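# Observations on the model geometry
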Amino acid sequence: MSALTLLGLSLVLQTLATVACDPSVSEGKETQVRTPHPLKPWESAYLPNSLKPISYEVQLWPWLFREKASGLFLFHGRSKVTLACLNQTKVIVLHSKALNYTKPPRVFGRDTLTVRKYWQEKANEYLVVLLDKHLEKGKVYSLHTAFSGELTPEMAGLYRCQYQEEGSIRFLAVTMMQPTNARKIFPCFDDPALKATFDLTVIHRPQHSVISNMPPRATSEMWVRGQVWLVTRFQRTPLMSPYLLACVVSDFRFIEETSNGVTIRVWARKQAVEGGQGDFALQAAGRLLHFYEQQFQLYYPLKKLDLVAVPCFDSGGMENWGVIIFRETNLLFQAGENSESSRQSLLLVLAHELVHQWFGNLVTIQWWNDLWLNEGFATYFSYLGNTFINPDWTVDSVFAANGLHLTLESDALANSHPLSIGEQEVSTTEHISQLFDNISYEKGASVLRMVSNFLTEKVFLQGLLSYLKEFSFRTVTYTDLRTHLQKAVNNQSAVSLPTNLKSILDTWVLQLGYPVVTVNTSSGLLSQQHFLLDSSSTVARTSKFGYRWYVPVTWQMNTTLQNMIWINRTTKVFVRKAVVKDQTWILANINAVGIYRVNYDDKNWDKLLILLMKNRDAIPVINRAQLIDDAFSLARGRHIRISRALETTHYLHTETEHLPWDMLSNHLDFMKLILSGSPSYSLLEEYILSKVRPVYQYFMELAWAELDTAPTDSCDQFAQEVVAGLACSNGLWECHKVARNLYSLWMAQPDVNPVPPSLRPVVYCRSVTEGGQAEWDFAWKMYELANSAAEAEILRYSLACSVNASVLDRYLSLTMMPWKIKRQDALATIVLVAQNINGKKPAWNFIKTNWATLISEFSTAEAIVGLLEGVTSRSYRRRPTGGKGLGQREDGIAEPIKVKVKCDTAGIGHKLGEQFTFHWWDHIFNKAAADIVVETQEDGVVLQKVTSGGQEEGAVSNKKPRRAAVGREMLYGRFVKATTLTPHREQAEAEEPQSSDSSDQDEALDLSSTRRLTDEELLRACGGRTAHKGARHGLTMKAKLLRLEEQEQEFLAKYGQRGRTAGAEAAARTDVGKGTKMNKWLAKGERPTREEGPGIGTPEEEGHRLKAKKHKRRREKEGGKDTGIGKRR
Ligand SMILES: [Zn+2]
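Attention in this report is confined to the structure presented alongside it.

## Overview of the overall build of the protein
Each helix and strand counted, the protein has 36 helices and 31 strands in total. When the 1129 residues of the protein are sorted by exposure, 66% land in the buried category. Sequence separation of 24 or more characterises 74% of the internal contacts of the protein that already satisfy a separation of 6 or more. Approximately 37,900 Å² of the protein is accessible, and the part contributed by carbon and sulfur atoms is 52%.

## Observations concerning the nonpolar core
Ranked by internal contacts, the top residues of the largest apolar core, which has 307 residues, are L350 and F381. Sequence-distant contacts of L350, defined by excluding residues within four places in its chain, comprise A281, A284, A285, L288, L307, F326 and L331. Residues W61, W63, W229 and V231 belong to the second largest nonpolar core, which totals five residues.

## Here we look at the sheet that holds strand β27 (residues 560-561)
Read from one edge of the open sheet, three strands run β27-β26-β30, paired in antiparallel fashion. Either end of the sheet is taken by a strand with one partner, and the two such strands are β27 and β30 (586-588). Pairing analysis gives two bridges linking strand β26 (residues 555-557) to β27, with the strands arranged antiparallel. Pairing of Q556 across the sheet is with L561, part of β27.

## A look at the sheet that holds strand β15 (residues 247-250)
Read across the sheet, four strands follow the order β9-β10-β15-β12 without closing on themselves; strand pairing throughout is antiparallel. One side of each edge strand has no neighbouring strand; the edge strands of this open sheet are β9 (157-165) and β12 (209-212). Each neighbouring strand pair of the sheet contributes to a mean axis angle of 15°, computed without reference to strand direction. Sheet analysis places β12 next to β15, joined by four bridges and oriented antiparallel. Across the sheet, the residue bridging to I211 is V248, located in β15.

## Observations concerning the packing of aromatic side chains
Tallied over the full model, the rule gives 51 aromatic pairs. Considering the side-chain rings of Y46 and W367, the 5.8 Å spacing of their centres and the 65° angle between planes classify their relative orientation as edge-to-face. Of this pair, Y46 sits in the loop between α1 (11-21) and β1 (51-66) while W367 is found in the loop between β21 (363-365) and α5 (371-389), placing the two residues 321 residues apart along the sequence. The exposure class of Y46 is buried, given its relative accessible area of 5%. Given the relative accessible area of 6%, W367 is considered buried.

## As for the pairing of strand β7 (residues 126-135)
Of all 10 residues making up β7, seven are buried, and the element is well covered by its neighbours. Pairing of strand β3 (residues 89-95) with β7, which is carried by six bridges, proceeds in the antiparallel orientation. Across the sheet, the residue bridging to V91 is L130, located in β7. The pairing of strand β6 (residues 115-121) with β7 spans six bridges and is classified as antiparallel. Bridging from a neighbouring strand, W119 pairs with V128 of β7. Connecting the antiparallel pair β6 and β7 is a turn made up of four residues, with E125 showing a positive phi of about 60°.

## Section: unusual backbone geometry
In this chain, Q178 is followed by P179 through a cis amide linkage whose omega measures -5°. Within the secondary structure, P179 sits in the loop between β10 (168-176) and β11 (197-204). We note that R225 has phi near 45°; this positive angle belongs to a residue other than glycine. The phi torsion at N260 lies on the positive side, around 50°, for a residue other than glycine. Along the chain, N260 turns up in the loop between β16 (253-259) and β17 (262-268).

## Quick look at the packing of α5 against helix α8 (residues 438-455)
What describes two packed helices is the angle between their axes and the distance between those same axes. Between α5 and α8, the least distance of the axes is 7 Å, while the angle of their chain directions is 65°. By the angle between their axes, α5 is roughly perpendicular relative to α8. Pair α5 / α8 crosses with right-handed handedness. Between α5 and α8, the residues in contact are L371, W372, E375, G376, F377, T379, Y380 and Y383 and S440, Y441, E442, G444, A445, L448, R449 and S452, respectively. Looking at the contact of α5 with α8 residue by residue, the classes come out as eight nonpolar, five polar and three charged.

## Looking at helix α10 (residues 478-490)
Its 13 residues give α10 an end-to-end C-alpha distance of 19 Å, which sits within 8% of 18 Å, the value for a rise of 1.5 Å per residue. Taken together, the buried positions of α10 are occupied by Y478, D480, L481, R482, H484, L485, Q486, A488 and V489. Contacts made by the buried residues of α10 are with α5, α8, α9 (457-471), β22 (474-476) and α11 (501-509).

## Describing the pattern of salt bridges
If you walk through the whole model with that rule in mind, you get 38 salt bridges. The partner of E125 in a salt bridge is K97, with the nearest N and O atoms 3.4 Å apart. Of this pair, E125 sits in the loop between β6 and β7 while K97 sits in the loop between β3 and β4 (100-108), placing them 28 residues apart in sequence. A salt bridge links K270 to E166, with the nearest nitrogen and oxygen atoms 2.9 Å apart. Of this pair, K270 sits in helix α2 (residues 270-274) while E166 sits in the loop between β9 and β10, and the two are 104 residues apart along the sequence. We classify E166 as partly exposed; its relative accessible area is 46%. Bridged by salt links that share partners, the residues D602, D606, R641, R644 and E647 form one connected network.

## Quick word on the state of the cysteines
Taken as a whole and judged by the stated rule, the model has three disulfides. For C161, the disulfide goes to C312, at an S-S distance of 2.0 Å. Here the S-S torsion is close to 75°, and the disulfide linking C161 with C312 is therefore right-handed. Of this pair, C161 sits in strand β9 while C312 is found in the loop between β18 (304-310) and β19 (317-318), placing the two residues 151 residues apart along the sequence. Across the pair, C312 and C161 agree in class, each one buried. At a sulfur-sulfur separation of 2.1 Å, the disulfide partner of C765 is C801. Between C765 and C801 the sulfur-sulfur dihedral comes to about -105°; the bridge is accordingly left-handed. Note that C765 is positioned in helix α19 (residues 760-770) and C801 in the loop between α21 (789-799) and α22 (805-814), a separation of 36 residues in sequence. Judged by its relative accessible area of 0%, C765 falls in the buried class.

## A look at the environment of S433
Within the secondary structure, S433 sits in helix α7 (residues 429-434). Note: C-alpha distance between S433 and Q178 (255 residues apart in sequence) is 9.2 Å.

## Examining the environment of V107
Here V107 is to be found in strand β4. Remark: the alpha-carbon pair of V107 and V129, spanning 22 residues in sequence, is separated by 9.0 Å. Dropping the residues within four chain positions of it, V107 is found in contact with I92, T112, L113, V115, V129, L131, L135, S142 and L143.

## Re the pairing of strand β20 (residues 323-327)
β20 sits mainly inside the fold: five of its five residues count as buried. Looking at chain direction, β18 and β20 are connected through five bridges and run parallel. Each bridged residue has a counterpart across the sheet, and for V310 the counterpart in β20 is R327. Pairing analysis gives two bridges linking β19 to β20, with the strands arranged antiparallel. Within β20, the position partnered with M318 by the bridge is I325. Between β19 and β20, which pair antiparallel and follow one another directly, the connecting turn spans four residues, one of which, G322, has a positive phi of 85°.

What counts, and at which threshold
- Residues numbered from 1 in each chain as written.
- Predicted model: local features only at pLDDT ≥ 70, side-chain atom pairs only at ≥ 80, totals over all residues.
- Heavy atoms only, no water.
- Helix = DSSP H or I, 4+ residues; strand = E, 2+ residues; numbered from the N terminus.
- Buried < 20%, exposed > 50% of the residue type's maximum accessible area, 1.4 Å probe, protein only.
- Contact = heavy atoms within 4.5 Å.
- Areas by Shrake-Rupley, 256 points an atom, 1.4 Å probe, with all protein chains shown as cover.
- Core = buried A, V, L, I, M, F, W, Y, C linked by side-chain atoms within 4.5 Å.
- Pairing = 2+ DSSP bridges.
- Axes fitted to C-alpha atoms, helices over the stretch in contact; angles between N-to-C directions.
- Phe/Tyr/Trp six-rings, centres within 6.5 Å; stacked < 30°, edge-to-face > 60°.
- Parallel < 35°, antiparallel > 145°, perpendicular 65-115°, else oblique.
- Left-handed = near helix turned anticlockwise from the far one by under 90°.
- Nonpolar A, V, L, I, M, F, W, Y, C, P; charged D, E, K, R; others polar.
- Expected span 1.5 Å × (residues − 1).
- Salt bridge = Lys/Arg side-chain N within 4 Å of Asp/Glu carboxyl O.
- Disulfide = S-S within 2.5 Å.

Dropping the structure here:
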């Protein structure tokens, strides 16, 4: 499935909390045995193993109108399931939920058997049929049922979806069965291991079409009370799990093409199809399907593939075999109207669902405890598919921007969970739902990527091919995968491992977390330690591996790639070669392929930071981003000081690649959070602006004179998006002005939108924030008129940017009108408002006032908890989803609240109406607001270092106070003085005692003075040093640059031998080219002056929205089940 369950907020969190609440939970075991059945088979959460389904014949008749008597939308159904009896039994137990049986079930063998009694066992969601005599082992029987159910709008099971087109309200019926909703449609053995064939028949009106997994085999007419209906019978499916069955009854239109014998259709609303919004997905789907057929060396086994964009869909996409259902934003794309990021996001979701046709549908997990085998593979190969369609992107860069960051963030909490957990931990629907999280998706993909890297792609794929072949139409466990990979290793000699694959893989799959690897270049020691963002937290779950891993460490000395080093579970490895004394630097985890953080000794950190300033392109762009990500995370885990983390950002004013900016943006929220309310806050903003401004101006000059032209290069578009967001959100006056102008132009001529798609979130939000009623009304009108779902989504986010409480009140009231704001977006919109500082109280009051309605409309505990978590999370505006709700804050400071919230979650579905629940959440709400103060006091180490105005702020520090000036320096250029640039100077003296260029030396000396240097001075100084060194070697500056470029090309080409050479070279070209361009541009001396704007410097929405948008992109690509609220994860 694709992530994005509204309000799933943090399934990781829920899982964690469940674990935290249950001390009996132990580590995942390799072979799990389900709990023995109690006396009565219907009393167990697991189906008894006396019967096995062979085939189903199911007839569904959804009524897309209200039934007169009940006033409800209903569906009627009949089912026949053919069963093989494996063990003699008198009772048939199968899943059934919220179904009304209109006739008693009947059971047939050779003769009819008498049903003594039947009932629905609500606790375990069963239909129990008690017979008068035994079903006999080895014989086949059939169970016949007739039933009806409600077509609710709940986006689960068989549900109705309402939308508006051409002025009229329309309905469609659609299914979402994963993970455990098939039982809400027909009685079935709703367990992924119990595969069967399905013969589906759907009755519908002639004006509607119906699609299902298979092509129709016959259609006939049926007359009921003078009205004609069509009865469409579909061909028999292959053997598959019940959760993969699907159908859609709608008046959608389609476009189609045939690709390698498979008919592919894209279905959507009439206006969307006629507007060409399905064209991109149709074309990409054909290419991707063929790509995956070649990768997996197995044909897609069906003759057709339908891709359906549904206006009401809770997940990002659902991989039903042969009929994939998507959120509209993940299938529809309007060239020129939608941004590059929405195109990328669409591709990732589309590719993810296509991969599931093999990993998930053809080969299915035995039980949900191994969910990562479905989702990890789908995510991993979606990145490969993305780079197949976009050859300019590298797998590593897509991974770094998506999977790896989310993995490292989610898995650094003490209450994360292993990829494979014990079966006994996953018995209920709630438990299963919680596993659709960043761990199953992103960590699963990250582990596969790491394995592919150390095995080589060739060996990895060989293992996968035999795994796919052996288990086609069957089910698997983690052990099966491991066995096949080991076989592939055994069948070759090129790759040798330090031990067997089991010893290595189990440390990554059967225990939570990952290590920080410390490289000491003085002693040559490499060591590992379990990395936790909150170093004071304790891990309740025990591990037989003692939280040690087999870590494959890739590394380079200067620009030369070295042989991989393995750190085994004994923790430390001595590497003689890693002892360096001269200017040689060491960089580990090249291209961030391994799942670990890297820390260095101070000297090596200094060298890397100098290198970033001097010649950033010597470090691959992914590692430039990773240095920032690692450093900020290590600072939060108290491994290094926060000033060190800030130092990694100091070169950013020369950085035009989006990844490093992305990483800064990821950590800025946290920085702002701990500094909010402190005088240092404005210093931080000022510092960020000093970094952003030159790059912003660079883009202005490059391609974007008045922000009305987007760069043609997709990487530049991303960078532009990130930089503009940071510029506007940190108060860059020029950015505000341009945003206002563009929005005014659009208001004057609504038919012609002058805002480039990638900048729309920034421009709309800024304009709504600064504007009044007219600007908000215009955005609302455009939202209502938008035919593009992606455009509507940006507008919906932007509408929450208002600072006017009455406007926000009105917006909140619209969330209760599904014809205004879609049901799938309602709760997310409330959270968006709550994430606006000005909207926090209105949103909370709105929830309390409308409590009864919310409960009846959104009755799942998950949805309501997600809403409450979103609204009561930090008073600082942060993205609403993605495991960032209260309790899943990555800093882990609110740990006690986290546990409490989640313990309450378990019963919240039953307790929603009770008063005490409110009191509790009121308490949480107040606590969330008050928490910042607590944090500020607790985080003494940080504040001790970040000072302003000469005053130490961190009274609790046990470190010596530093000179008053130093604190301020850390936020400006000077902070490098005390640490980085002193060694820089020493090296300069050691290397270049005979300098012939005194001006260069003067610049270098200036760096160690206490005078605050401007960025220009710093840059000149570093550039001067480069020239200086060049002079010593008899090289001109130009020759020096060319040589560095060559070195980088060589390095990347060499690294690319692992099968990704083309991508690496493309990355190298982009990287080197850009750096040079930027440096030249800066060298021209045309950098804008530091004129200050009017100083609108409060934390504004755009940055967060932009960030949220980026996370949404990740999540929608099907990251964990998120979203919630938001979809702005
Ligand atoms: Zn999936």
